[in-house]
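Working through the structure, step by step
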Amino acid sequence: MSWLGSLAIYLALYVALVGVTMGIIAARTGSRRFLHATRFATYTTFGAISVASMVLIHALLTHDFSIKYVAAFSDQSMPTFYLLGAFWGGQAGSLLFWIWKVTLFTAICVYTNRKSYQDFMPWVMAVSLAVAAGLLVILVFGSNPFEGYHLIDDPTQGKGLNPLLQTPKMVLHPPALLTGMASMTVPFAFAIAALLSGNLSNAWVEAARKWILWPWLFLSIGNILGGMWAYEELGWGGYWAWDPVENAALLPWLTSTALIHSLLIQERRGMLKRWNVGLMIGTFLLTIFGTYITRSGLIESVHSFAQSDIGPYFLNLLLTVTVLSIALFIYRWKALQSEQRLDSPVSREAAFIFNNWMFLSMTAVVLFGTLWPRIKEGLTGQDIAMGPQWFNRWMIPLGLLMMLMMGIGTIIAWRRANWKNFQRNFVIPIATALILTPLSVGLYWMVRGQGLVSPNSLDASYAIIAIALCFFVGATIVQEFSRGISARRRMHDESFGESLYRLCMKQKRRYGGYIVHLGVVFAFVAFAGNAMKIEKDVSLAQGESMQIGDYSFTYKSLSDQHNRERVLYSASVQVARDGRPLYEMHPGKSIFHSSPNMPVSEIDIRSTPLEDVYVALVNYDPDGRRAAFKIFVSPFTWWFWFGGIILVLGTLICLWPTRESLESLRPGAGGLGRAAIFGGVVMIVFSPMLVWTVESHTSWGDARRMEQAPVAALIDGPSDVSPAQPEPS
């Protein structure tokens, strides 16, 4: 079947290149015949890539080891879930998945806009197909997933997926990020179409508005799932360590967040035309740049499995897109002059602009911190590292300023604020922060904190400021909802719940955006709590206990389980508080025979809204009499994941289609279609939290999870391979 996959990607490359040519002709001549032909080329490219994707998935599921990619990233013992994950678990497969997403979103965009934005659409199709063709060139000539062995070299068994990737979250995290980066092609294509067509009105903003929310949504989901994976699998006790690959995914998220807000100003006031086009181009370039530094080996990362030899291909693509985009941007520079100027620095526009600068400052910090070690090594030969402390020194103050402006931007007046606006909108949020901050901090300290944490003065100051800002921003959101609901109830005979629902449905962007802000507030609650995190590295003999805060941890035993794929070592740790037994935790470590030098941690975490208890098995004696652990007690981490869910929910409200738009897609679509969409949305929103909760409270979240996996391996009978010997402590 590999021949069919190769044929499909060759066909897709050919049709995409033809489509680019026909799109340019359609845009320059206005020919409807060429416009229809370009649409056909778009759909055909998507169809060909879909066929190639299905061929690769079929090869993975049927263990067709005559294909090198299948042999390198799967084996016969892997469950179907991980076999599907192997599709994007390697370089060539992830690139094919990326192209499939680019063509999918392009095809959807072309279909939904088949009757609108006709002056933009030929250019949009040409630009999107050009991006797809650029990626297809890399796929065909640099990283073909259907490359096979010679007949005599066919292996009978695959190497299997990287052990670090064999977790449920890692099966979901890469496709979410790749979808976010791939779908950024569509709003980028609208911006370039505006430059190429010379139509620099707000039309491209209106057309691209929703398309920028989709990549932002998927980048958000991908970053949240990546944080969950790092928290549970890498054993450093946190969900973000400023690793270069994490940073590569964060960069386009930061700039696209700024863009979403600055587009509002252009829509409403006709300002920031140059800024928005430049920001859109920069955001798209960052998606390619992030892939380049991830795949090229330019930077060192815990995600070393992502590296490959296609970096030069991505560098050429990055340089080509950069030169062409900037040249076009400069060519239209004068025509992009804003229609309005800022009326007052005390206005909502000014707050949004200041917040944009905060996001770009954070982008600059992350970019500098990611690249400077490599730049300095090239210049001086000196090897340095920019650790979390360096990033936190800059990002915490910037994040707090961003939070402050988020609250101010929600309630300050457009054009020019005055004293009346301050009295009406600011008094209640400020009073809320001033009253509730000392009360809540004092109450937490008396009830829980003093027996648990001892933060330094700087961390405590940042945490208290963050809590104060959470109350301020939270109060602005509650105030806006309260006024909207009250107004509806005065005008209509509605219940509270009905008014809330109709308020969100009538003004999706406004109130969905407020819900997104609420998710950010919850995330900052977690950041404040994490400033008080305590950790200890301990070595315990069997039966020995140690104290962290008011928790007591007793090491009871170490068990091992051998099978054909791995050796699993699982410790039993009894947790008590104030002398009262709470539960037993089972951190572990898996040593795969295929990767004996890459032991995989199986962290056990008990997560509650108040605090997380986190235990990682670091090392152990061969006889299990003594073991070393890394233990954390981390207040309020649960709220980070909850805030992420709220953020996703708010974004989906913004994206929720109107009845008119649904009917335009499929005349006669009834309740069944809407119910299916609603059910899908609910699953998307709550799936990360469901996975997190299940893993936190069942054996799927600790080392015992690995005991359930080797069933498929044992079917073939006992192994003739000797298990790896445990690594002595």
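Per an unreviewed UniProt entry, the protein chain goes by Heme lyase CcmF/NrfE family subunit and derives from Lujinxingia sediminis. Under Sequence similarities (unreviewed entry), UniProt gives the following word-for-word description of the protein chain: "Belongs to the CcmF/CycK/Ccl1/NrfE/CcsA family." Recorded under Subcellular location (unreviewed entry), the UniProt text for the protein chain is reproduced unchanged: "Cell inner membrane".

So, about the overall build of the protein chain. A tally of helices and strands in the protein chain yields 23 helices and ten strands. Put simply, the protein chain has 729 residues, and 55% of those count as buried. When contacts within the protein chain are restricted to residue pairs at least 6 apart in sequence, long-range pairs at least 24 apart make up 75% of them. Of the roughly 31,400 Å² of accessible surface on the protein chain, a fraction of 63% belongs to carbon and sulfur atoms.

Before going further, it helps to examine empty space enclosed by the protein. Within the structure shown, the criterion is met by four cavities of 30 Å³ or more. Its volume calculated, the largest cavity comes out at about 550 Å³. Taken together, 35 residues make up the lining of the largest cavity; nearest its centre are His173, Pro174, Leu177, Val245 and Arg295. If one sorts the elements of the lining of the largest cavity by residue count, helix α7 (residues 168–183) sits on top with seven residues. A per-class count over the lining of the largest cavity returns 20 nonpolar, 13 polar and two charged.

In the Ramachandran plot, Trp242 falls in the positive-phi region, its phi being about 60 degrees despite a non-glycine side chain. Here Trp242 lies in the loop between α9 (203–233) and α10 (244–269). On the basis of relative accessible area, Trp242 is assigned to the buried category, the value being 12%. Located in the positive-phi region is Leu272, a residue other than glycine, with phi close to 65 degrees. When you line up the elements, Leu272 lands in the loop between α10 and α11 (273–295).

This paragraph deals with the sheet that holds strand β10 (residues 626–635). Taken in spatial order, the four strands make up an open sheet running β1-β10-β9-β8, and their pairing is antiparallel. Edge positions in the sheet fall to β1 (534–541) and β8 (604–607), since each has one partner strand and no second. Each neighbouring strand pair of the sheet contributes to a mean axis angle of 15 degrees, computed without reference to strand direction.

Helix length check: helix α5 (residues 91–112), at 22 residues, gives a terminal C-alpha distance of 32 Å against a target of 32 Å (1.5 Å per residue), a fit within 8%. α5 sits mainly inside the fold: 18 of its 22 residues count as buried.

Another point: the pattern of salt bridges. Here the structure, examined in full by the defined rule, presents 18 salt bridges. For Glu377, the salt bridge identified is with Arg374, shortest N-O distance 2.9 Å. Note that Glu377 and Arg374 are positioned in helix α13 (residues 348–380) at a spacing of three residues, about one turn of the helix. In this structure, the salt-bridge partner of Glu611 is Arg577, at a minimum N-O distance of 3.6 Å.

Right, let's talk about the side chain of Asp612 for a bit. Inspection of the secondary structure assignment puts Asp612 in strand β9 (residues 611–620). An unpaired buried charge is present at Asp612: no salt bridge exists, and Lys533, the closest side chain of opposite charge, is 9.8 Å distant. Among the polar contacts listed, one links the side chain of Asp612 to the side chain of Ser607, at a separation of 2.8 Å.

All right, on to the confidence of the model for the protein chain then. Mean pLDDT over the protein chain works out to 85, with 87% of the residues at or above the 70 mark. For residues 709–729, every residue scores under 50 in pLDDT, and the model assigns this stretch 29 contacts once sequence neighbours within four places are set aside.

Take the environment of Trp639 next. In this fold, Trp639 is placed in helix α20 (residues 638–655). It is 10.0 Å that separates the C-alpha atoms of Trp639 and Val520, two residues lying 119 residues apart in sequence. Setting aside residues up to four positions removed in sequence, Trp639 forms contacts with Phe522, Ala523, Val525, Ala526 and Pro609. At 2.9 Å, the side chain of Trp639 and the backbone oxygen of Pro609 are in polar contact.

The next thing to look at is the packing of aromatic side chains. Scanning all chains against the criterion turns up 43 aromatic pairs. Look at Tyr117 and Phe190: their rings are 6.5 Å apart centre to centre, the planes differ by 80 degrees, and that puts the pair in the edge-to-face class. Of this pair, Tyr117 sits in the loop between α5 and α6 (121–141) while Phe190 sits in helix α8 (residues 185–197), and the two are 73 residues apart along the sequence. Taking relative accessible area as the criterion, Tyr117 reaches 22% and is therefore assigned partly exposed. Assessed through its relative accessible area of 0%, Phe190 is described here as buried.

Another point: the side chain of Thr291. Among the structural elements, Thr291 can be located in helix α11. Ignoring any residue separated from it by four or fewer positions in sequence, one finds Thr291 in contact with Trp98, Met181 and Phe314.

Counting residues in hydrophobic clusters, the biggest one holds 188 residues, and the most contacted among them are Phe190, Trp204, Phe314, Phe553 and Phe629. Considering every element that reaches this core, the biggest residue donor is α6, with 14 residues. When neighbours within four sequence positions are excluded, Phe553 is seen to be in contact with Leu540, Glu544, Ser545, Met546, Ile548, Val573, Gln574, Val575, Val613, Val615 and Ile631. Leu217, Met228, Trp641 and Leu655 belong to the second largest nonpolar core, which has 22 residues in total.

Moving on, we get to the environment of Ser361. Assignment of secondary structure puts Ser361 in helix α13. A sequence separation of 34 residues divides Ser361 from Met395, and the C-alpha atoms of the two residues are 9.0 Å apart. Separated by 2.7 Å, the side chain of Ser361 and the backbone oxygen of Trp357 make a polar contact.

Let's shift gears to a nonpolar patch on the surface. Together, Trp419, Phe422, Val427, Ile430, Leu434, Ile435, Leu436 and Leu439 line one region of the surface with nonpolar side chains, adding up to about 780 Å² of accessible area. Sorting the residues of the nonpolar patch by element identifies α15 (419–425) and α16 (427–447) as the ones contributing at least two each. Positionally, Trp419 belongs in helix α15.

Criteria and thresholds
- Residues numbered from 1 in each chain as written.
- Predicted model: local features only at pLDDT ≥ 70, side-chain atom pairs only at ≥ 80, totals over all residues.
- Heavy atoms only, no water.
- UniProt positions renumbered as here; feature names shortened; annotations may be inferred.
- Helix = DSSP H or I, 4+ residues; strand = E, 2+ residues; numbered from the N terminus.
- Buried < 20%, exposed > 50% of the residue type's maximum accessible area, 1.4 Å probe, protein only.
- Contact = heavy atoms within 4.5 Å.
- Areas by Shrake-Rupley, 256 points an atom, 1.4 Å probe, with all protein chains shown as cover.
- 1 Å grid on protein atoms, 1.4 Å probe; cavity = no way out; pocket = protein on both sides within 12 Å on 5 of 7 lines; lining within 4 Å.
- Points joined across faces, edges and corners; volume = space filled by probe spheres on them.
- Nonpolar A, V, L, I, M, F, W, Y, C, P; charged D, E, K, R; others polar.
- Pairing = 2+ DSSP bridges.
- Axes fitted to C-alpha atoms, helices over the stretch in contact; angles between N-to-C directions.
- Expected span 1.5 Å × (residues − 1).
- Salt bridge = Lys/Arg side-chain N within 4 Å of Asp/Glu carboxyl O.
- Lys, Arg positive; Asp, Glu negative; His and termini not counted.
- Polar contact = N/O pair within 3.5 Å; in protein donor to acceptor, adjacent residues only side chain to side chain.
- pLDDT = per-residue confidence, 0-100.
- Phe/Tyr/Trp six-rings, centres within 6.5 Å; stacked < 30°, edge-to-face > 60°.
- Core = buried A, V, L, I, M, F, W, Y, C linked by side-chain atoms within 4.5 Å.
- Patch = residues over 30% accessible without salt bridge, like charges linked within 9 Å, V, L, I, M, F, W, Y side chains within 5 Å.

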